[in-house]
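Inside the fold
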Amino acid sequence: METTRGCKHVCRHCPITPIYAGRFFAVPREVVLEDIRRQAAEGARHITFGDPDFLNGPAHAQRIVQAMHQEFPGLTFDFTAKIEHILKHADAFPEFAASGCLFVISAAESLSDGILERLRKGHTGADVRDALRILRRAGLSLRPTFIPFTPWTTIRDYLDILDFIEEGGLVDEVAPVQLSLRLLIPPQSAMLEVDDLKPHLVRLEPENFTWVWRHPDPRMDELQREISRIAMAAADSGEDAALTFRSIRRAAAAVAGVTVVDAPLPPPDRPQTAAPYGRLVLLRRTPGRPARSVLTRISHQLSTTATDPPVTTCVSARARCNVPSRYALAFAGLQRGVSPGALRRLATKPGEKCGLIIPTERFFRD
Ligand SMILES: C[S@@+](CC[C@H](N)C(=O)[O-])C[C@H]1O[C@@H](n2cnc3c(N)ncnc32)[C@H](O)[C@@H]1O
Ligand code: SF4
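Basis of the calculations
Residues numbered from 1 in each chain as written. Chains lettered and ligands numbered in written order. Predicted model: local features only at pLDDT ≥ 70, side-chain atom pairs only at ≥ 80, totals over all residues. Helix = DSSP H or I, 4+ residues; strand = E, 2+ residues; numbered from the N terminus. Buried ≥ 20, exposed ≤ 12 C-beta atoms within 10 Å, placed from the backbone. Contact = placed C-beta atoms within 7 Å. Near = placed C-beta within 6 Å. Domains from an automatic or database assignment. Axes fitted to C-alpha atoms, helices over the stretch in contact; angles between N-to-C directions. Left-handed = near helix turned anticlockwise from the far one by under 90°. Nonpolar A, V, L, I, M, F, W, Y, C, P; charged D, E, K, R; others polar. Expected span 1.5 Å × (residues − 1). Arc of directions from axis to C-beta. Pairing = 2+ DSSP bridges.

For the protein chain, the count of helices and strands is 13 helices and eleven strands. Classification of the 366 residues of the protein chain by burial places 43% in the buried group. In the protein chain, of all internal contacts separated by at least 6 residues, the share reaching a separation of at least 24 is 73%.

Near ligand 1 there are 18 residues, and of these His-13, Lys-82, Ala-107, Thr-145 and Leu-184 occur at the shortest range. Sort the elements by how many residues they give to the shell around ligand 1 and strand β5 (residues 101-109) lands first, with four residues. Split by domain, the residues of the shell around ligand 1 number at least three in each of domain 1 (1-146) and domain 2 (149-266).

The next subject is the packing of helix α2 (residues 29-41) against helix α3 (residues 58-71). Axis separation between α2 and α3 bottoms out at 10 Å; the angle between their running directions is 35°. Considering only the axes of α2 and α3, their crossing is right-handed. Note on element contacts: α3 touches α2 through Arg-63, Ile-64, Ala-67 and Met-68, opposite Arg-29, Val-32, Leu-33 and Ile-36. Among the residues making up the contact of α2 with α3, the classes are represented as six nonpolar, no polar and two charged.

Compared with an ideal rise of 1.5 Å per residue, which puts 20 residues at 28 Å, helix α9 (residues 218-237) spans 29 Å between its outermost C-alpha atoms and is within 8% of the ideal. Inspection of α9 places Met-220, Leu-223, Gln-224, Ile-227, Ser-228, Ile-230, Ala-231, Ala-234 and Ala-235 among the buried residues, and these make up the whole buried set. Taken down its axis, α9 places every buried residue within 165° of arc, on the same side. Structural note: α9 exposes Pro-218, Asp-236 and Ser-237 on the side pointing more than 90 degrees away from its buried face. Looking one or two residues past α9, Gly-238 carries a phi angle of roughly 70°, positive in sign.

Let us now look at the environment of Arg-249. Its place among the elements puts Arg-249 in helix α10 (residues 241-256). Overall, the presence of 22 C-beta atoms within 10 Å leaves Arg-249 in the buried class. In sequence terms Arg-249 and Val-260 are eleven residues apart; their C-alpha atoms lie 7.8 Å from each other. In this structure, Arg-249 is in contact with Leu-162 and Val-260, ignoring residues within four places of it in sequence.

This part is about the sheet that holds strand β3 (residues 46-49). Ordered by their spatial adjacency, four strands build an open sheet running β3-β4-β5-β6, and the pairing between neighbours is parallel. If you trace the sheet from one side to the other, it starts and ends with β3 and β6 (141-146), each paired once. Across the sheet, the mean angle separating the axes of adjacent strands is 20° when strand polarity is ignored. Note: strand β4 (residues 76-80) against β5, four bridges, orientation parallel. Across the sheet, Asp-78 pairs through a bridge with Phe-103, a residue of β5.

What follows is the structure in structure tokens.
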């Protein structure tokens with residue numbers, strides 16, 4: 001469900017920037033509310049606002065939430081908003097919480113100010129910590145996303161992210177795959193205007209729709225592959241997030257040559273408020289069929305099909321990301337343990353051919 005399309009910001013690494021170039025468009029309030037009514041009638045109990053940034057139009061967002069809460073007081077929701085917006089609209093969060101908001105997804109990306117500047121992200125590492133405090137005060141949880149591996153990431157930067165997650169009590173809020181993500185540089189990426197990216201670029205691979213880059217310290221590239229292996233194995237086995245985090249921390253500490261003291265593990269049967277296990281779903285489109293219709297159907301299937309463990313967050317359409325036009329791209333946030341096979345069964349009709357589902361970690365692997 002989206003209340004806006006596009007984004008008014010122009011972060012360099014973001015796939016939305018080359019397409020919308022800082023523009024965004026509001027979906028009329030009545031259209032959004034009608035969609036919410038339809039989903040509620042089909043049994044949805046939680047709405048994910050999948051806007052690139054829900055707070056690009058804060059008054060629009062607040063009006064929709066108020067109307068939704070008035071009509072469906074039991075409905076919960078989440079949304080995505082950039083750190084800068086969390087700081088700017090800090091006063092709005094208690095009301096979001098009172099209206100059923102459970103958590104906010106926000107792209108921290110890194111805690112290194114130098115990297116954040118190169119990404120033109122509009123916030124600092126200290127801002128990320130402030131955003132966490134603002135949400136916590138309002139009784140909300142923050143689900144930060146990251147791009148931990150960039151050509152400029154030092155092992156210290158990586159350890160800083162792990163410390164932030166651990167000290168902030170966010171281990172259950174960050175899907176392990178997030179800790180393996182490598183900066184993706186598609187052919188039209190605004191990252192290419194950053195001068196000190198050039199020495200790290202190896203070649204353009206048009207078939208993979210990406211520039212290949214190499215870290216100046218080969219140990220960082222090896223660490224990224226190792227974390228990716230850990231995250232994928234953990235996803236496939238449904239391992240407890242705290243155990244996976246411990247393995248990730250040990251792998252990073254080995255590269256840094258430091259000794260880690262393992263934090264005590266939380267009880268394995270703790271309530272699973274854990275971050276949904278995200279998967280990018282890249283579907284081959286049926287010729288002549290608009291990407292949006294494919295995504296709408298997946299969204300519908302995911303929100304109405306009972307699964308165990310349940311699908312908590314539905315597909316947020318990213319149909320017009322700059323992927324080749326024969327694909328539709330969607331992001332499905334799933335509770336940990338939903339296998340690629342189960343997702344494939346949910347997303348495709350029997351006998352249908354459009355079924356290329358690529359877990360996020362594979363998509364982002366170099
Ligand atoms: C959740 S979206 C942005 C949400 C929101 N608009 C904001 O700025 O906070 C950003 C996330 O998508 C992924 N992402 C976006 N661009 C990427 C890129 N070029 N390479 C790798 N991951 C990327 C990363 O996980 C990143 O943290
Ligand atoms: S990262 Fe977020 S805020 Fe930045 S351009 Fe992309 S959607 Fe907008």
